[in-house]
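# Coordinate analysis (summary)
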Amino acid sequence: MTRTRTRGRAAALAGAAAVIAATTLAAPTAAAEAAGAGGGITGQAPCPDAPEFLCGTLTVPLDHSGATPGTLDLRVAVTGNTAAPRGDLLFLTGGPGQPGVPAMKRTASSLEPVLKDYRLVMFDQRGTGEGALQCPDLQEDMGSSDLAVPRRPSIADCATALGPDARHYSTADTVADIDLLRRALGARRLTLDGVSYGTFTAQRYALAHPTRVARLVLDSVTPRQGMDPLDLAALPATARILRTACRATGCTTDPAEDLAATVRRYGNGAQILSALTGYEFVDPDYGPVPEILHEAAAGRPAKLQEFFDLVHREVDTATAEELSQGLHSATVCADSHFPWGTTDTPVEGRPAALERTRKRLTAEQTWPYDPATATGLGSLLVCLDWPRQPVPPTPPDHLRLPDVPVLLLGGDRDLATPCELMDEYEEFAHHPQIVIVPGAAHSVQNRAENPAGRQAVHDFLLT
């Protein structure tokens, strides 16, 4: 069963199917051209790997302020239903660092029941896909992980490779790109469906352009303030998630107590959290994890090391075109608030501020890990050494999402964005519908075996 708090649901419309036609994308409006939409979407043709969809290119400014010259070409893919009665549904991928166009076929399949009513749109956000920011050593160290701890020379090499232009890869820049995309599509409003980091992008777009949003689907919700570099929601949620999975599989140990004992013995909490967060994509039951932690807690860490190696080799490995760690680092460092402030804080004072934070953290905040876990996670350490640069302003805390229908979707086994993060949305959104899917981990629409989450999305979009 799902836990639902809702403003009302309608039954799914049976038999709805995608309408995929060889039509052209809308030409940009005069207002879009006047605003510098880069001439609309050009080079329209069937997508090379999915000819049932139409692909084109949106050219956007590197710097939306105009102070730095240059442009970026972003790939766009759409289904062909240009006359869709409910307009355009923009699906936003996660990371940050994942492209959209390569996922078009899979996403269209997941959303097929609503594609008679919506035209599905996906695009490669700046710095992803064919235009991925390239940081080879950092990519090797972190792959698709947010939390894996990279080598310091890899961070320095990436920052040097990206140079001052790294500041133009924040979420604020992507939000501006989305509004140019909306204009180029000829859409008055967009329905946004975001997964993971895509939920953060969707929220920031809705705050910046509240009259341009029809409704929001937020799947595996990143909180409105952005990524917490200390991961203080995931740390205590690990105990609940592992115990829930343990009961479901009939294990006879307490994986939370064993995790705490393992961290005390080896001081490897950051490595464990990173591995567990990657492994949830493979097995939301965390099948072998209780035994692995039980042996490690007893002083036998061999299986735990094998588990680390497996996740790094088989789960977290990713090319920059699949998930760009260069883009991930540039965006997270531009967007986030850290114990030392923002990336506009002088580098030399950051380690001391981080150490002060570690000393203030309590066991209650971090158990079954320790405070050193919270201050030793990969994305935080990347930004600890990231060069100082200006950062975009953060929306005021008093702003709420526009008064449009909002669906929040999560899995009860999600360690990357635990469902506890949804609690604040009772105030931030207007009467949100909340659906938590049992047995599901991160990215419910794309990965959950339980179809309840996808059905909830279909019902919500067709209500």
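This section reports on the structure supplied with the text. (Residues numbered from 1 in each chain as written. Predicted model: local features only at pLDDT ≥ 70, side-chain atom pairs only at ≥ 80, totals over all residues. Heavy atoms only, no water.)

### Some remarks on the overall build of the chain
Each helix and strand counted, the chain has 19 helices and ten strands in total. Against the 2.2 N^0.38 benchmark of 23 Å for 463 residues, the chain shows a C-alpha radius of gyration of 22 Å, consistent with a compact globule. With 463 residues in all, the chain has 56% of them scored as buried. Put simply, 77% of the contacts in the chain that link residues at least 6 apart link residues at least 24 apart. Accessible surface for the chain amounts to roughly 18,400 Å². Of this, 53% is attributable to carbon and sulfur atoms. With 40 positive and 55 negative side-chain charges, the chain shows a spacing of 5 Å between the two charge centroids. (Helix = DSSP H or I, 4+ residues; strand = E, 2+ residues; numbered from the N terminus. Rg over C-alpha atoms; globule rule 2.2 N^0.38 Å. Buried < 20%, exposed > 50% of the residue type's maximum accessible area, 1.4 Å probe, protein only. Contact = heavy atoms within 4.5 Å. Areas by Shrake-Rupley, 256 points an atom, 1.4 Å probe, with all protein chains shown as cover. Lys, Arg positive; Asp, Glu negative; His and termini not counted. Charge placed at Lys NZ, Arg CZ, Asp CG, Glu CD.)

### Focus: the pattern of salt bridges
Going through the model one piece at a time under the given rule, you end up with 20 salt bridges. One salt bridge connects D412 with R413, and the closest N-O pair in it is separated by 3.7 Å. Classification of R413 by relative accessible area gives buried; the value is 6%. The network of salt bridges with shared partners includes E291, E295, R300 and K303. (Salt bridge = Lys/Arg side-chain N within 4 Å of Asp/Glu carboxyl O.)

### Examining helix α9 (residues 269-279)
Each full turn of the α-helix corresponds to 3.6 residues, which orients residues three or four apart in the same direction. Counting buried positions along α9 gives ten out of eleven residues, so the element sits mostly inside the fold. Among the residues of α9, G269, A270, I272, L273, S274, A275, L276, T277, G278 and Y279 are the ones counted as buried.

### Focus: the packing of helix α5 (residues 171-185) against helix α6 (residues 197-208)
When two helices pack together, their arrangement is given by the angle between their axes and by how far apart the axes lie. Interhelical geometry of α5 versus α6 gives an angle of 70° and a closest axis separation of 9 Å. As far as their axial angle goes, α6 and α5 are roughly perpendicular. Considering the relative orientation of α5 and α6, their crossing is right-handed. Packed against α5, whose contacting residues are T171, T174, V175, I178, D179 and R182, the element α6 presents Y197, F200, T201, R204, Y205 and A208 at the interface. For the contact of α5 with α6, the residue count by class is six nonpolar, three polar and three charged. (Axes fitted to C-alpha atoms, helices over the stretch in contact; angles between N-to-C directions. Parallel < 35°, antiparallel > 145°, perpendicular 65-115°, else oblique. Left-handed = near helix turned anticlockwise from the far one by under 90°. Nonpolar A, V, L, I, M, F, W, Y, C, P; charged D, E, K, R; others polar.)

### Examining unusual backbone geometry
A negative phi holds for most residues other than glycine; trans holds for most peptide bonds. Here the amide bond leading from G95 into P96 is cis, since omega sits at 0°, within 30 degrees of zero. By secondary structure assignment, the location of P96 is in the loop between β5 (88-92) and α2 (104-110). With omega at 15°, the peptide bond leading from W367 into P368 counts as cis. Looking at the secondary structure, you find P368 in the loop between α14 (363-366) and α15 (371-374). We note that S196 has phi near 60°; this positive angle belongs to a residue other than glycine. Along the chain, S196 turns up in the loop between β7 (190-195) and α6. Assessed through its relative accessible area of 14%, S196 is described here as buried. Positioned with a positive phi, Y286 is a non-glycine residue whose angle comes to about 50°. Relative to the assigned elements, Y286 resides in the loop between α9 and α10 (289-297). In this structure Y286 comes out as buried when scored by relative accessible area, which is 1%.

Interpretation in functional terms is not warranted from these geometric data alone.
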